[in-house]
Every structure is written in structure tokens, then in C-alpha cells.
Amino acid sequence: MKVVLFFEVGNWEELEDRWEFRGDLGGLKSILVEEEISLRGLIDKIYAKLGLSKDTMDLVLSYTPPLNKKCSPLVLKDDEDVAALLASRSDSTCKIPLGVTVEPTEVCADEPVNVPTIEASDSTFSDGSDLHEGKYFNTKKDLKRKLSDIAMKGNFEFRTRKSNRSLWVIECIDPNCSWRLRASKIVPESTKFVIRKYVGVHSCSLLNRNANHRQATYVVIGEQVAPQYVGVEKGPGPKGVQTFARTELGAQISYYKAWRGRKHAHTLIRGSPEQSFHVLPSYFHMLEKLNPGTVTRIEVDGESRFKYLFLAFGVAIRGFRYMRKVVGIDGTFLKGQYWGVLLVATAQDGNGQCYPLAWGIVDSENEDAWSWFLTQMKEIIGDTDELALISDRAPSIKKAISTVFEKAHHRACAWHVAQNIKNKFKCTDIMGSYWSAVNAYRCEDFTGYMIEISNRYPRVAEYLENEVGFEKWSRCHYPGLRYNITMTNMVESLNSMLVNARDFPYVALLDVIQEKMSKWWNDRRIVATAITTPLTPRRESELRPRFAQSNGRHTSQLNPITYHVKGGELEGVVDIFNKTCTCKEFDIDKLPCVHAVAAAHHAQVSVYSLVSPYYTKEYYLLAYGETIYPVGSQSQWDVPNEVVTRIVLPREVKEKKRGRPKTSRFPSVGEFRKRKNRCGKCGAYGHYKKKCNSQTGSTEGNPPTNVPG
């Protein structure tokens, strides 16, 4: 009597509560067998069904018994095991079919191998590989990668004689050479390839060995060098890739091929720009899921093409309550395929460090883009009289702030104002008076410095007063709380931090931002925990010298809360209740001045009680008390279908200009970049000819300029 036996080809996988067979060759198959069939007969039938060769592949048959507990698969070893399997089919609880695992036949050293009798001699050479007939690979791509690696290291080339989805036949580029390989799928439904025929000895002339060969494609180079870009922002440049190919792969490649290989490696590690747009909604969903309170926005046009994005981590939003309400905003251009501008808003913590609050990517720094970004930011930080926004004097930012924020104050970066003065009026000798005016705490001192400027450059004084406005850049005329923050250098430092990541795809760039912020939060939390003083380290270092200077001051009490402090260049009247001083330094910085320290000592009041809470260890620790979590590998994401199916297409970009793309920004107005000096004697950079220590002359192929004729 014959019975139907179902089987599946694949491998067993151990789960927590059971063993599960994972098929990889197109699902269940069936054969008709006799009830008394032997193990050898069963294996022969499966060989015939799959079309496999007994000489190159072995079959392992196994199944899980119908028990109510986890147990390992039983392997069929003899005829009795086969009879037990067929008998269990009558039990309705046995629902699992036979599992067939395909393995390559092990070739022993003592057994003859089906390879032509060609041995290496003085006129032949081996490719030096570990390949043999019967060796299999998971995919054809893996096999091709292996052969390309062998060819590059052996400095020989091969060409393809025949290639399709189930077959690959290659031979040495010399038609008279004996080296060749034939591989095909183990069965038509499989993705696995097995080597059927292989001759690993070359009989061609050494003249055919070439270090600059066809197998050293940019794809192969990129795959080989890709590990060097894992976990780093920059990695080797094109010349570094050339060196890697020469030393590790034995291949000589051009600069252009190295550049393309580097670009391909970036794509393998960080994904393609197009893929980044597609995965962006899912990425934001995971950020919000793992970091509660995180705010993300994606804006698209009518054709679902990307326009803007916004990101603010919930940890930073909650921590902003422990920051001084002064936010610097700026943008920096991106260098990837789809360009764009990265916008950033950052506060400054009590220790004087950057506190990134919000990030955005837009098409350019225009009024619409800034208005959209600031609208999102307004939702997370609010709009109050206490809030100050500092930026450069770009008209688009100025208009956007006036449109979005009704109560917050806009202030100009003092450094950008200084650069405008240099560029517009071509004067640098008044910069000392300008910076003294910027940092003056008292209006009387400010007026004196402005008189100095007006006497020498009346047009500059008029520009600062009428076109810019004193309240926009000077410390003493600002109506709100600006503390000691007068510039956007905290934003510029963030831009320079991302200089290598600005050519990444958008998701990879956001990953770098998340990684940096996670590290900062952890490192600063550790520092805050270890602080032994009431204030942050920087504020403590500022306060200690003032405490020492206050010892020589004479203090007299005017009333229960007011004290008159004499001594030094300037006297001061301190109100320890309202925390003010006539020198204005205490009022603006919210950190006790010398007069306030002396008054506190006289009143037997702790000087720390007069310090703004923003400078305390408590606020510093609360600001960094939480953790920013990464999204992990994409294979681990759990994203709803409505998010996965959301369409975000790449933005349209202008036609690419000819030549090398520009990767460095244009200098800001009035900004001058220092040029490297080149020695006229040896040709090296960094010194002059008079200071050259070289005795051999030019080292770069250029003749020394001091040689006659």
C-alpha cells in the first residue's frame, strides 16, 4: 500500500517553546512511497524529486514527534525510524511534515576530487583559494563577491561565459588558460548556489596578471571598504580607498573609481538618499515611541514631495524649563544629493554648554521655511516676554520672528554685527571700542564708548544706532533678560560638530544628531552627579575670584535689605532682596557681582542664595536627568501600517552643475579665512622660505624659487 508523504527543504530553528522548521525552497512538496520503504529508498526518492546530485549534496531527514512538550527534532538514521514516522501519520496530532536539510558533501583529503589533473608548476600557478566542487553559497551575489575577492588578490581577471538566474560559468580571461568555474542553483526554486565544476590552477602567462582588472569594480571596492565607515562620521577619503585597495586587495584603481566605491560604501552603511525619504515617517514614529514627548513634523507638497521636517526630543523640551530663556537660531547648508539647510535652535545650560532644543531641515533659508520652523518651535517653548531669540541679521529670520512671535524679543548676534561693520565700512581699528560697548553693563560706560566710535567713524555710530538699534546688540539697552549671552557661537559650534555628517542622507544625519545628544546627556549627567558644590563648575569658578576680591571692600548697611559697598574702581549699592546692584552686573547676569558678595558677607547671608537657580547643580542635574534612546535596527521596528504606507518622495533638485560639487560654505559677510603659507624653497605648507629647515630643496616636484635660471 502506498501513502503520501509531505516534506519541506530548509533548516530547524529553536524558539523559546518549540522547534520550528523554516523552509527556503518554495514550500511543501509531496512524494508517493510504499509503507515498507527503506531509509535509502526514501532518500533516493527525495533526491529524484529535488533533482540533486548524490555526489555533491547530502540529505538529512528529521521531524518533531507529536508530544505536548518541547523536544529536539528526531533524525532518521535507519529503516526503523522511517517505519515509526509513517506509523505516526495515523495519529491526527502529527501535523508537522518531514524536514529535509541539504548539506554539501564533505570531501576528505584521501578521496579523489573530480578536478582535471593540472598541477602547479613553473609555468602554472594556483589561485590560492579554498574553493572546491560541492561548496555552496547562500546567493549568487555571495559567490560573485568571493570570486572577485580571489581575483583581485591573485591579480588575475576572469570573464563570464554564461550567466542567468540559475547558472554562472566563468573562465580566465586568457582563453588558453585552464582556470574555470561552473556553479548553479542546488534546485531551481532555491537561492543557494553550488560549485559544480572547478579548476583552480592557471596555465596562462604571467603577462595576463593585472592589478588594474575588471573585477575591481566600484561595487566590490565599496563592499570591501564599507566596514571602515561603521561607527564613524568621516572614514577614509578617495585616496584612502585607493590605499586600501592596493594594500588589502592588491588592486590599482583610479581616483574616480575610489570615489564611487566610497560613495557605494556610504550607501551600504547609511542607506540611499531616496530610501531615507521613504523611511522617514517610520523613523520619526520610533523616535516618538521610544522617547515620550518627542515632537516630529513632516511637511510635504501637493505631490507628496518632501518640503520640511522638524524634530525636538521630549527630554530636551522638558529640560528647557531649567534653562535661561535665551535661544540661538541659525542654519547651515547640507551637502548631500538633495542639499537643503539644517536649522537648529539651542539654549545654553548653567555650565555654559550648548543645549540643543530643536532641529529642522528645509529647502533654503527663506521666510516661509523659517516661519514654519519657528511655528513648530513656538508650540514647544511658548511665547513670553522672558524669551529672547538671537540670530544673525538675515531679513528672512527677522521677518519670520516678527510674524510668529508676538511677545518674545529678537536680538542680533554681536559677532555678525561686527562682521557687517568690517565689510560695510572697511574699518577694524574701532573693534575694541565696539566690543567694549557690547559688553558694557552700565549705560554711562556704553555712552562713552559710543562717543569714541562716533568721533572716529560717525557713519558706523549712525549705523549701530539707527539701522541696527542699540537694544538689538548692546547688553545694557536690552529690555529683557539676556544674561551674558550676546552671540550665536553656541549654534555655530553645533554646525561645526556636524561638518562631516552634513552629506549624509537625512535619516543618517538625524541618527548622528541623536547619538551626539545621547552621549552629551549621559556625560553631563555623570558630571552633574559628581559636583560637590552648589553651583555648576563654570559658575563656581566665576564666583570664587569675586569672593576673594570682596574681602578688601568696605560695606555699610543703609536699610534691612540695602548695602553700600566701597573700594575698588567702582562703588555699588546692593539690594539683596531684589538682587540688584548699581553696577548692573548683578542685575543682568543674575550672578552676584563683587559688591553683592561683599553685601552678603556683611549681612551674614549665603552668597549662593543670591545666585539664579539656572546656575545651580540642582537645575543642571534636572536638565540632564533623563535619557535619549536610539531607534535601533530597522528590522526591530514596530510601526503601524498607516505610518509605513505614508508616501514621502524626494524633493526636486536643480540640474547638477558640472565639476566637483561645492562642500564648503561661503564665508559670512566680513569673514576672512586665513590662507596657508607655502614655502618657496621646499614647497611645503605652513612656513616661509626664510624659516625653512629643508636642505634638499623641493619635495613636491616643484623647483625651488631661489634657484637661478
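Now for a description of the structure that goes with this document.

### Some points on the nonpolar core
And then number 1: Judged by nonpolar contacts, the single largest core of 110 residues is most densely connected at Phe284, Phe306, Phe310, Ile329, Phe373, Leu374 and Met377.
And then number 2: The greatest single-element share of this core, amounting to 10 residues, is contributed by helix H16 (residues 506-530).
And then number 3: Apart from residues lying up to four places away in sequence, Met377 is in contact with Phe310, Ile329, Ala345, Gly382, Leu389 and Phe405.
And then number 4: Counting residues in hydrophobic clusters, the runner-up holds 27 residues, among them Phe7, Ile43, Leu50 and Leu52.

### Here we look at a nonpolar patch on the surface
And then number 1: A cluster of nonpolar side chains, Val4, Phe6, Leu28 and Leu32, forms an exposed patch at the surface whose accessible area comes to about 360 Å².
And then number 2: Here Leu28 is to be found in the loop between strand E2 (19-23) and strand E3 (29-34).
And then number 3: With relative accessibility at 53%, the residue Leu28 sits in the exposed group.

### Quick word on the packing of helix H13 (residues 443-456) against helix H14 (residues 458-473)
And then number 1: Taken N-terminus to C-terminus, the directions of H13 and H14 make an angle of 150°; their axes are 7 Å apart at the nearest point. Judged by the angle between their axes, H13 and H14 are roughly antiparallel. Handedness of the crossing formed by H13 with H14: right-handed. Taken together, the residues of H14 that come into contact with H13 (itself represented by Phe446, Met450, Ile453, Ser454 and Arg456) are Pro458, Val460, Ala461, Leu464, Phe470 and Trp473.
And then number 2: Considering only residue class, the contact of H13 with H14 consists of 9 nonpolar, 1 polar and 1 charged.

### Regarding the environment of Arg524
And then number 1: Mapped onto the elements of the fold, Arg524 is located in helix H16.
And then number 2: Leave out the neighbours within four places in its chain, and Arg524 touches Asp349, Gln353, Cys354, Tyr620 and Tyr624.

### Brief notes about the packing of aromatic side chains
And then number 1: Scanning the entire structure with this criterion turns up 25 aromatic pairs.
And then number 2: Between Tyr283 and Phe284, the aromatic rings sit 6.3 Å apart at their centres with planes inclined by 40°, giving tilted as the arrangement.
And then number 3: The exposure class assigned to Tyr283 is buried, which follows from its relative accessible area of 1%.
And then number 4: Look at Phe470 and Trp473: their rings are 6.0 Å apart centre to centre, the planes differ by 80°, and that puts the pair in the edge-to-face class. You can see Phe470 and its partner Trp473 sitting in helix H14, 3 residues apart, about one turn around the helix. Each member of the pair, Phe470 as well as Trp473, is classed as buried.
And then number 5: The side chain of Arg260 reaches across the aromatic face of Tyr218, ending 4.0 Å from its centre.
And then number 6: Between Arg475 and the ring centre of Tyr441, over which it is positioned, the NZ or CZ distance is 4.5 Å.

### Thoughts on the environment of Ser126
And then number 1: Considering the arrangement of structural elements, one finds Ser126 in strand E7 (residues 125-126).
And then number 2: The class for Ser126 is partly exposed, based on a relative accessible area of 43%.
And then number 3: Separated by 73 residues in sequence, Ser126 and Val199 place their C-alpha atoms 9.3 Å apart.

### Looking at the pattern of salt bridges
And then number 1: On inspection of all chains with the given rule, the structure shows 22 salt bridges.
And then number 2: For Arg40, the salt bridge goes to Asp44, with nearest N and O atoms at 3.4 Å. With Arg40 and Asp44 both in helix H1 (residues 39-50), this residue pair falls 4 residues apart, about one helical turn.
And then number 3: Across the pair Arg456 and Asp429 runs a salt bridge, and its minimum N-O distance is 2.4 Å. Here Asp429 lies in the loop between helix H11 (414-425) and helix H12 (431-439) and Arg456 lies in helix H13, a separation of 27 residues in the sequence.

### Description of the side chain of Asp392
And then number 1: Looking at the secondary structure, you find Asp392 in the loop between strand E19 (388-391) and helix H10 (395-404).
And then number 2: Buried charge without a partner: Asp392 forms no salt bridge, and the closest opposite charge is Arg393, 8.5 Å away.
And then number 3: In this structure the side chain of Asp392 is engaged in a polar contact, spanning 3.1 Å, whose partner is the backbone nitrogen of Ala394.
And then number 4: Contact partners of Asp392, with chain neighbours within four places excluded, come to Asp330, Ile397, His410 and His416.

Parameters and conventions
- Residues numbered from 1 in each chain as written.
- Predicted model: local features only at pLDDT ≥ 70, side-chain atom pairs only at ≥ 80, totals over all residues.
- Heavy atoms only, no water.
- Core = buried A, V, L, I, M, F, W, Y, C linked by side-chain atoms within 4.5 Å.
- Buried < 20%, exposed > 50% of the residue type's maximum accessible area, 1.4 Å probe, protein only.
- Helix = DSSP H or I, 4+ residues; strand = E, 2+ residues; numbered from the N terminus.
- Contact = heavy atoms within 4.5 Å.
- Patch = residues over 30% accessible without salt bridge, like charges linked within 9 Å, V, L, I, M, F, W, Y side chains within 5 Å.
- Areas by Shrake-Rupley, 256 points an atom, 1.4 Å probe, with all protein chains shown as cover.
- Salt bridge = Lys/Arg side-chain N within 4 Å of Asp/Glu carboxyl O.
- Axes fitted to C-alpha atoms, helices over the stretch in contact; angles between N-to-C directions.
- Parallel < 35°, antiparallel > 145°, perpendicular 65-115°, else oblique.
- Left-handed = near helix turned anticlockwise from the far one by under 90°.
- Nonpolar A, V, L, I, M, F, W, Y, C, P; charged D, E, K, R; others polar.
- Phe/Tyr/Trp six-rings, centres within 6.5 Å; stacked < 30°, edge-to-face > 60°.
- Lys NZ or Arg CZ within 6 Å of the ring centre and 35° of its normal.
- Lys, Arg positive; Asp, Glu negative; His and termini not counted.
- Polar contact = N/O pair within 3.5 Å; in protein donor to acceptor, adjacent residues only side chain to side chain.

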